[in-house]
Amino acid sequence: MRPVIWDDDEERVSDVRQAAQPCFQCGVCAASCPVFRVAPEFNPRIAVDEIVQTGTVAVTGREWYCAYCLMCEQRCPMGVALCEILVAIKNLSARDGKVPPSIVEMMDVIRFTGKVSHPSKGTTRRRRELGLPELPEVDAAEVQKLLEVTGAIDRLTRYREAECEPQ
Amino acid sequence: MKYAFFPGCTIADRLPFIEKSIRLVCPEYDIGLVGLPFTCCPEPNSVQSFSQYTWLTMAARNIAVAEEHDLDILTACAGCFESLAMAKHMLDTSADTRAHVNRALANIGREYTGQARVVHLLQVLHDDVGCKGIEERTLRQLRMRVVTHSGCHLLRPERVLQVDLAEAPAKLDALVRALGMESVDYMDKTMCCGAGIRGVNRDISFAVLREKFAGMSMVHPDAAVVFCPTCFISFEAGQRVVNRMFGTEYRLPVFYYTELLAVAMGLEGTESILSGHRVQGTEETVARAMGHGGTPAQAPMGTHGAREV
Amino acid sequence: MPENRIGVFLCHCGSNIAGVVDIQRVMEAIRALPDVILVEDYKYMCSKPGQQLLKDAIKKHNLTKIVIGSCSPRMHENTFRQALREAGHNPYLLEIANLREHDSWIHSDDPEAATEKAVDLVRMAVARARLLEPLEEPEVDIKKTSLVIGGGIAGISAALDLANAGFKVYLVEKEATIGGKMARHDKTFPTLDCASCILTPKMAEVGAHPNITLLTLADIEAVEGYVGNFKVTVRQKPRYVDTEKCTSCGDCAEVCPVDVPSEFDANLAYRRAIYIPFAQAVPSAYVLDMDNCLGVDAVRCGKCKTACEAGAIDYDDHERVLTLEVGTIIVATGFEVFDATQKPEYGYGEYPNVVNIMEIERMLSSAGPTGGHVVRPSDLKEPKRIVYIQCVGSRDERTNRYCSRICCMTSIKQARMLREKTGADIWLFYIDLRTFGKGYEEFYEATAEAGVTFVRGRVGEILQDDETKDLIVRGEDTLLGRPVVLEDIDLVVLATGMVPTASTSHVAHLLNLSLSPDGFLMEAHPKLRPVDSFNDGIFVAGTAQGPKDIPDTVAQAKAAAAGAMALMGKGRIKVEPYYSVVDEDKCAGCRVCISVCPYNAIFVNERGASEVNPALCKGCGTCTATCPSGAIRSQHYTDGQIAAMIHEYLSAQQ
């Protein structure tokens, strides 16, 4: 499946639907899913079925429960890339600003540091104690620019707007 | 062989003692590590789910940085490996995608050309150095029964990554055996540690981890050996949370492979590495495995079941 | 060159063609072409009145060449050729433009373009028709002997039908006995007849039939010739036991010191190095497995020879090479069971209590390794909780995409028998249950009533408790959308599918038969020529052609026998004159044509020039295209004819 790059939702959904089409609902994905095992409300099979049957992507919020372990794809007898389909679904909901707060936080950190974790004073000290070299500096402006041209900043803004809307 | 070293945010900032072990071990095998201004890989699940375009472009930038120095990338984290290797696969198999991403990279004056390879330390140690080469350099055998966990993102998608068998991984086990340890098969060996959704749904994430621990504990290992910092944190710090949430009493030392390799090679400075661990009894487990400290390897989760933390 | 008077006939095919292509416009465009004397259209050209129209027009307008715009020539070329013959015309002065499969059916969404394409196709047909030449059809004799390859139920059925009709049959089998996979089964679905009770009388009949020569331990090595006149080289391995003298008393096996896993019993039991595969084997004689024999001299062993009172054992037996001359060949090389170690998540080969359906068949058989009791291989205890997993190695793009067709019913049958025999709890995980045959659905319903639980979902993984060897099965009940975890399972049975045998590809290679992408033999037409191969005189039958159950296998075998009889009954047949002809004046004798010919149809004659055997040549044109001197001509597909079509297409339309 093509990566989610082009800003055309309709084309995107039909792409996803086509990728899901070979599914014959055998359930081996769910049977192999570690999340489904402990939280049956998340079922990769049904996520795919929904797209094939209705041609629309139902944003339930549960699509974010995918741990991206790729076991479903490994075993799918029809070669359906379920994780990729779920990524596409999540991208579509992220475009509408529907994102779990923890991921927004992570994106914010990346936006300003280029990394997913702040190198704290403690880290620097521990690295020095261990005799580790200093980490090469990342040009934050470069990261900022990439996030901007790839639409990540827009998505973050939309998230903030959605948050402010009265529920 | 010289590589652009990609420690990844987690190792560099949260688990520097793992980086220390890598930096101790690599020169011994003539693996040169060059530091370059890499950003987050970026993380394969959350960032890709938020915006696949952003994820792909940032990964392409990191690879482009290595390309500018004519170096292949050596990753130490399964997640970084997955992101960079998958992004590379997408960029190398679709001219359209590559052109699109390169248009974005042009804004920062960079270009992805596809020259650099992306490898994980497991591949270098197992495929290039080889188990025999590893074994020859060890000073002592570590007598320990361990369970291994390669990490989902080193194994799948199998057809693209081609690192090891996704259903029956064997390379980390072979590396573990080269240090004199016994690798015990266990239920759910290829199962996820749950880290991928820790931020999104904590309860589910730790419920997954509990399943994983249930499988590991059935074979009463002395320790778990991983080759991914995310799995490391998930197992090490995670077991306390699991114990709290579910009333279990797991106390399983967890090691990143090169830590034990450094110990087996008798390299200087391994004490500072092990002192960074959080599971009580970690250092004692290593001491016992080395033949110090009286009674031979006692299973913390072992014969008498799990003990209290 | 005599004057060309071309008649063009456009068929509407009801609305199949005319509903898309504007026939009137095509007629207008064609009428003006040079040499076209007549343009007609008709609703169904293939109908009786349509053919009459054609015949009348030939006579009335004194037509020399005919162009018909209709369906594919694969459908009605013969019909129209026959009409030409009846009109006293050479049947090869006909050209068909395929306006249906190549045009109206695939461009139904764009009638305008379809009409333009139709005009192009007919123009090109007219261009070729101008250059068509009358051809004579050579006749060949057909030997009234048939070769059947494979002695399973398909080969047995075909051989018996042919032999009973009075034809001589060579039945070649690579194993030491005929009977094939069916002999290994216990009961057959849905009637629960005992497989060997219905099979062994047939086997005995083959063994005793005066018209059947049975060659066991034999393999095809080379095939030459053509329909009616095949020359087949067969290599027969030594048996070391004289089938005439052997009384099957078993004294030899009694003293043999070697134990070898028994292939016939799915390796669940042992046999000796000298053995009989099963009691009712045909030929009813022991066989010595020399690979596992300790040694035939008296110093090393030689016990069996001493024990044999009949003096049937001959350590000096040797390989034989036979040459058979036959008129027709039936390929019935059967199937293999899918190797489940290719699905590591199910642990087959690693967990002792994960078995396949063939192993259960052997266990269920009262003559089998466990005397009819199904047991857990780890401790030989009777299983109380059993799980069946369907579609292992079928409907799976990682292994085989196709449905193996028999596994649903085999599993249901076994589950039913196990439930009735032992009262075990049985779960059967399926994706879709395919109970398509006569009485199959009723059998399934009765099995569900008997208490077997059917769960819709593919199992994800099987785990083993290493101490007890009990199994845990994880799946999803997809109808409820709920996880299913079954613990303390005693036995998991994998419904392994059918895969083609190595023999099939070997024989296909020797006979120049096509294989479909899944590796099974390809039939000439899936509906109308289901047992013919693309090579005249060679037929396919049974599971070598694709997965099927016993009724379908037997039906196909009987059909193949009937096809062979239809050919051999006539004694002589006409072959299509599409062979290549060498212009000896131009031939330099370089032999490149010989090296490229896929049908071995070209030889060097006494004048040192290449010559084509018309009966072997399929008219593929490879030699024509390869010949550096341009000395070879493909009759009916000459360079001139093809060039004329291309030229016509590229020349601007009026």
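Refer to the preceding data block for the structure.
Note that the coordinates shown come from a computational prediction; the quantities given were computed from them, not determined experimentally.

K.L.:
Give me the lowdown on the packing of aromatic side chains, citing residues and values where you can.
P.N.:
One pass over the full model with this rule turns up 14 aromatic pairs over all chains. Ring centres of Phe227(B) and Tyr256(B) lie 5.2 Å apart, and the angle between their planes is 85 degrees; on these two criteria the pair is classed as edge-to-face. Taken together, the residues Phe227(B) in the loop between strand S7 (223-226) and helix H12 (229-236) and Tyr256(B) in strand S8 (residues 254-256) connect sequence positions 29 residues apart. Taken as a pair, Phe227(B) and Tyr256(B) share a single burial class, namely buried. A ring pair is formed by Tyr402(C) and Phe520(C), whose centres lie 5.3 Å apart and whose planes are at 75 degrees; its orientation type is edge-to-face. One end of the pair, Tyr402(C), is in the loop between strand S21 (385-392) and helix H11 (407-422); the other, Phe520(C), is in the loop between helix H13 (502-511) and strand S29 (538-540), with 118 residues separating them in the sequence. On the basis of relative accessible area, Phe520(C) is assigned to the buried category, the value being 1%.

K.L.:
Any chance you could break down the interface of chain B and chain A for me, citing the residues and the numbers?
P.N.:
For interface size, the figure often reported is the accessible area lost on association. The interface of chain B with chain A comprises 63 residues on the first partner and 58 residues on the second. Here chain B packs against chain A, burying approximately 5,500 Å² in sum over the two surfaces, 66% of which is carbon and sulfur. Summed over the three residues of chain B that lose the most area to chain A, namely Asp13(B), Phe50(B) and Gln52(B), the buried surface amounts to 14% of that side. Counting across the chain B and chain A interface gives six salt bridges. Of the charged contacts, one joins Glu142(A) and Arg61(B) as a salt bridge, the two residues approaching to 2.5 Å between their closest N and O atoms. For the side of chain B that touches chain A, the elements supplying multiple residues, two or more each, are helix H1 (8-14), helix H2 (16-25), helix H3 (46-50), helix H4 (52-68), helix H5 (78-93), helix H6 (95-105), helix H8 (152-155) and helix H11 (202-217) of chain B. A per-element tally of the side of chain B that touches chain A places H4(B) first, with seven residues. Classifying every residue of the side of chain B that touches chain A gives 29 nonpolar, 19 polar and 15 charged.

K.L.:
An account of the interface of chain A and chain C is requested, with residue identities and associated values reported.
P.N.:
If you look at the interface, chain A gives 20 residues, while chain C gives 20 residues. Taking both partners together, chain A and chain C bury about 1,700 Å²; carbon and sulfur atoms supply 50% of that area. On inspection of chain A and its partner chain C, the count reaches two salt bridges. Note that Arg45(A) and Glu476(C) form a salt bridge whose closest N and O atoms lie 2.7 Å from each other. In this assembly, chain A and chain C are joined by 10 residue pairs in polar contact (both at pLDDT 80 or more).

K.L.:
Lay out a nonpolar patch on the surface in plain terms, naming residues and giving numbers.
P.N.:
On the surface, a nonpolar cluster with roughly 510 Å² of combined accessible area is contributed by Tyr637(C), Ile642(C), Ile646(C), Tyr649(C) and Leu650(C). Residue placement: Leu650(C) occurs in helix H17 (residues 639-650).

K.L.:
Account for helix H3 (residues 73-86) of chain C, with residues named and values stated.
P.N.:
Residue and element names in this part refer to chain C. Compared with the 20 Å implied by 1.5 Å per residue over 14 residues, the 19 Å span of H3 between its first and last C-alpha is a close match. Those residues of H3 that fall on the buried side of the exposure criterion are Glu77, Phe80, Arg81, Ala83 and Leu84. Along the axis of H3, the buried residues cluster in a sector spanning 155 degrees; they form a single face. Along its buried surface, H3 packs onto helix H2 (48-61), strand S3 (65-70) and strand S4 (94-98). Structurally, the start of H3 carries an N-cap: the backbone nitrogen of Arg74 is 3.0 Å from a side-chain oxygen of Ser72. Just downstream of H3 lies Gly88, where phi reads positive at about 75 degrees.

K.L.:
Any chance you could break down the pairing of strand S1 (residues 2-6) of chain B for me, citing the residues and the numbers?
P.N.:
A regular strand places its side chains so that they alternate between the two faces of the sheet. All names here are of chain B. Within S1, four of the five residues are buried, leaving the element largely enclosed by the surrounding structure. Taken together, the four bridges between S1 and strand S2 (residues 32-35) define a ladder with parallel strand orientation. Along S2, the bridge assignment pairs Tyr3 with Leu33. Note that S1 and strand S3 (residues 72-75) share four bridges and pair parallel. Note on S3: the bridge partner recorded for Phe6 is Thr75.

K.L.:
Account for the pattern of salt bridges, naming residues and giving values.
P.N.:
For the coordinates displayed, the defined rule picks out 71 salt bridges over all chains. The shortest N-O distance in the salt bridge between Glu148(A) and Lys145(A) comes to 3.7 Å. Here Glu148(A) pairs with Lys145(A), and both are found in helix H9 (residues 140-149), just three residues apart, close to one helical turn. In this structure, the salt-bridge partner of Glu28(B) is Arg137(B), at a minimum N-O distance of 2.7 Å. One end of the pair, Glu28(B), is in the loop between H2 and S2; the other, Arg137(B), is in the loop between helix H7 (121-136) and strand S5 (145-149), with 109 residues separating them in the sequence. Its relative accessible area of 32% is what places Glu28(B) among the partly exposed residues. Taken together, the shared-partner salt bridges connect Arg37(A), Arg75(A), Glu167(B), Asp188(B), Glu211(B), Glu461(C) and Arg474(C) into one network.

Calculation notes
- Residues numbered from 1 in each chain as written.
- Chains lettered and ligands numbered in written order.
- Predicted model: local features only at pLDDT ≥ 70, side-chain atom pairs only at ≥ 80, totals over all residues.
- Heavy atoms only, no water.
- Phe/Tyr/Trp six-rings, centres within 6.5 Å; stacked < 30°, edge-to-face > 60°.
- Helix = DSSP H or I, 4+ residues; strand = E, 2+ residues; numbered from the N terminus.
- Buried < 20%, exposed > 50% of the residue type's maximum accessible area, 1.4 Å probe, protein only.
- Contact = heavy atoms within 4.5 Å.
- Buried area = accessible area lost by both parts, 1.4 Å probe.
- Salt bridge = Lys/Arg side-chain N within 4 Å of Asp/Glu carboxyl O.
- Nonpolar A, V, L, I, M, F, W, Y, C, P; charged D, E, K, R; others polar.
- Polar contact = N/O pair within 3.5 Å; in protein donor to acceptor, adjacent residues only side chain to side chain.
- Patch = residues over 30% accessible without salt bridge, like charges linked within 9 Å, V, L, I, M, F, W, Y side chains within 5 Å.
- Areas by Shrake-Rupley, 256 points an atom, 1.4 Å probe, with all protein chains shown as cover.
- Expected span 1.5 Å × (residues − 1).
- Arc of directions from axis to C-beta.
- Pairing = 2+ DSSP bridges.

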